[in-house]
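# Survey of secondary and tertiary structure
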Amino acid sequence: MPKKMHNKSMLKTVMKQKKAAMYKLPENPLEFYISEEAAAYGRKPPFTIHYDNPEQSVKLLKGDCIEILNQARENSVDMIFADPPYFLSNGGITCHAGKMVSVNKGKWDKSKGVEKNHKFTLEWLKACQRVLKPNGTIWVSGTTHIIYSIGFAMQELGYKILNDIIWYKRNAPPNLSCRYFTHSTEIVLWAAKNQKSKHYFDYQLMRKMNQGKQMRNVWEISAPLSEEKRFGKHPTQKPTELLSRIILASTKEGDLVLDPFCGSSTTGVVAILRNRKYVGIDLEEEYLKLSVKRIEEAIAKKETKLFVDEKVSGL
Ligand SMILES: C[S@@+](CC[C@H](N)C(=O)[O-])C[C@H]1O[C@@H](n2cnc3c(N)ncnc32)[C@H](O)[C@@H]1O
């Protein structure tokens, strides 16, 4: 290399190192920031902040969760609830309120073929694993369309699968074709970051919530109540009861819960009511707007002490 060019590249490296050293990591793990290296290169964060409430420790980010998590702080999250696209919006039909309706949920839910879908699953699960604390855990919900790919990807990445929860929906819609058994379950996989993790589980509380008996892995919980959709509908909204059980079982007060595919932020609503910190990520503005309405209502409920959960406090 000519001497002049050599000096120039040395100078560039020194400048980058100086910049990187100036970039202090924020203390608050809620600060999803571009990594030190990215900052040194002057790259912009791959998201916009849609909602930020530092007092309540709640943040909503708009962007692609893989890009965001790949630049977020490593080992910073206590628990992740991931409700990814199920890749089932491919022109099928289902039954809603007694009527035949299209199963299509949106562009984000279209299948790209088994291999591409699995590649996507591997990418986001890897990004999640990096940000989980050593003893952190992840929950992932899905139907037959993706859950086997998720389970396989978890094994490929070295996650430790702790449980497969069968969520049984007692109010599942009937099967219109009459050529299959009626679908009435979803699987929620619970896994620890790796084989060495010492995961947290509130065994006693789960037992208490189950009339003093060990809680099993079949959970009978209805699809979201209409009251939970009063601010608008998300096509794959989860019930708060499901998230309540998940959050209470696997986190402590003050823990940070991450929801990389937040949709209407059901996880955020429960996290707020249960005094956990929350970061939600979604690509769609429309769902983030719905999330804000639900989140602000949850904050108001908590502040006015209007929140009473019979399932836990009425034991
Ligand atoms: C199954 S829904 C989540 C529903 C949510 N649990 C609720 O209760 O409302 C999946 C969400 O992921 C979002 N999404 C899809 N791909 C994404 C990506 N790469 N990054 C961030 N969000 C994504 C979609 O816009 C959709 O709202």
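Quick summary incoming for the structure in this document. Only a predicted model underlies this, so the values are computations on that prediction, with no experimental measurement involved.

What counts, and at which threshold
- Residues numbered from 1 in each chain as written.
- Predicted model: local features only at pLDDT ≥ 70, side-chain atom pairs only at ≥ 80, totals over all residues.
- Pairing = 2+ DSSP bridges.
- Helix = DSSP H or I, 4+ residues; strand = E, 2+ residues; numbered from the N terminus.
- Axes fitted to C-alpha atoms, helices over the stretch in contact; angles between N-to-C directions.
- Near = placed C-beta within 6 Å.
- Nonpolar A, V, L, I, M, F, W, Y, C, P; charged D, E, K, R; others polar.
- Buried ≥ 20, exposed ≤ 12 C-beta atoms within 10 Å, placed from the backbone.
- Right-handed = clockwise from strand over helix to strand, strands pointing away.
- Parallel < 35°, antiparallel > 145°, perpendicular 65-115°, else oblique.
- Left-handed = near helix turned anticlockwise from the far one by under 90°.
- Contact = placed C-beta atoms within 7 Å.
- Expected span 1.5 Å × (residues − 1).
- Arc of directions from axis to C-beta.

## A closer look at the sheet that holds strand β10 (residues 256–259)
- The strand order across the open sheet formed by nine strands is β1-β2-β11-β10-β3-β6-β8-β7-β9, and the pairing between neighbours is mixed. A strand with exactly one partner marks an edge of an open sheet, and here the two such strands are β1 (47–53) and β9 (218–220). This sheet shows a mean twist of 20° between the axes of neighbouring strands, independent of strand direction.
- Sheet topology places strand β2 (residues 58–63) next to strand β11 (residues 277–282); five bridges connect them, and they run parallel.

## As for the site of the ligand
- Neighbouring the ligand are 19 residues, the closest being D83, F261, G263, S264 and T266.
- Elements represented by at least two residues in the shell around the ligand include exactly α3 (65–69) and β11.
- Looking at the shell around the ligand residue by residue, the classes come out as eight nonpolar, six polar and five charged.

## Let's talk about the pairing of β11
- In terms of burial, β11 is largely enclosed, as six of its six residues are buried.
- Taking every second residue as pointing to the same face, both faces of β11 are buried, with K277, V279 and I281 on one and Y278, G280 and D282 on the other.
- Bridge count for β10 against β11 is four bridges, and the pairing is parallel. Of the residues in β11, the one forming a bridge with V257 is Y278.

## Some points on unusual backbone geometry
- In this structure, S265 takes a positive phi of about 65° despite not being glycine.
- Position of S265 among the secondary structure elements: in the loop between β10 and α8 (266–273).
- Taking the C-beta count within 10 Å as the criterion, S265 has 29 such neighbours and is therefore assigned buried.
- Phi is positive for N275, close to 60°, though the residue is something other than glycine.
- Relative to the helices and strands, N275 is located in the loop between α8 and β11.

## A look at the pairing of β10
- Burial along β10 is two-sided: the residues L256 and L258 and V257 and D259 are all buried.
- Strand direction decides the pairing type here: strand β3 (residues 77–82) and β10, joined by two bridges, are parallel. Bridge assignment links M79 to a residue of β10, and that residue is V257.
- In the classification by handedness, the crossover that spans β10, the intervening α8 and the parallel β11 is right-handed.

## Thoughts on the packing of helix α4 (residues 114–131) against helix α5 (residues 144–157)
- Two numbers describe how α4 lies on α5: the axes approach to 9 Å, and their chain directions differ by 50°. In this view, α4 runs oblique relative to α5, as classed from their interaxial angle. Here α4 and α5 pass one another in a crossing that is right-handed. Between α4, through N117, H118, T121, L122, L125, K126 and Q129, and α5, the contact on the second element is made entirely by I146, S149, I150, A153, M154, E156 and L157.
- For the contact of α4 with α5, a count of residues per class yields seven nonpolar, five polar and two charged.

## With respect to the packing of α8 against helix α9 (residues 285–303)
- It is the contact of α8 with α9, at a shortest axis distance of 9 Å, that shows an interaxial angle of 15°. Judged on the interaxial angle alone, α9 and α8 are roughly parallel. Crossing of α8 against α9: the hand is right-handed. Facing α8, whose interface residues are G268, V269, I272 and L273, α9 presents S291, R294, I295, A298, I299, K301 and K302.
- Among the residues forming the contact of α8 with α9, the class breakdown is six nonpolar, two polar and three charged.

## Some thoughts on α4
- Taking 1.5 Å of rise per residue, the 18 residues of α4 would be expected to cover 26 Å, and the 26 Å separating its terminal C-alpha atoms lies within 8% of that figure.
- Along α4, the residues classified as buried are T121, W124, L125, C128 and V131. All buried residues of α4 project into a common sector of 120° when viewed along the axis, lining one side. In α4, those exposed residues whose orientation departs by more than 90 degrees from the buried face are E115 and K116.
- Check the buried side of α4 and you find it contacts α3, β3, β6 (132–142), α5 and β10.

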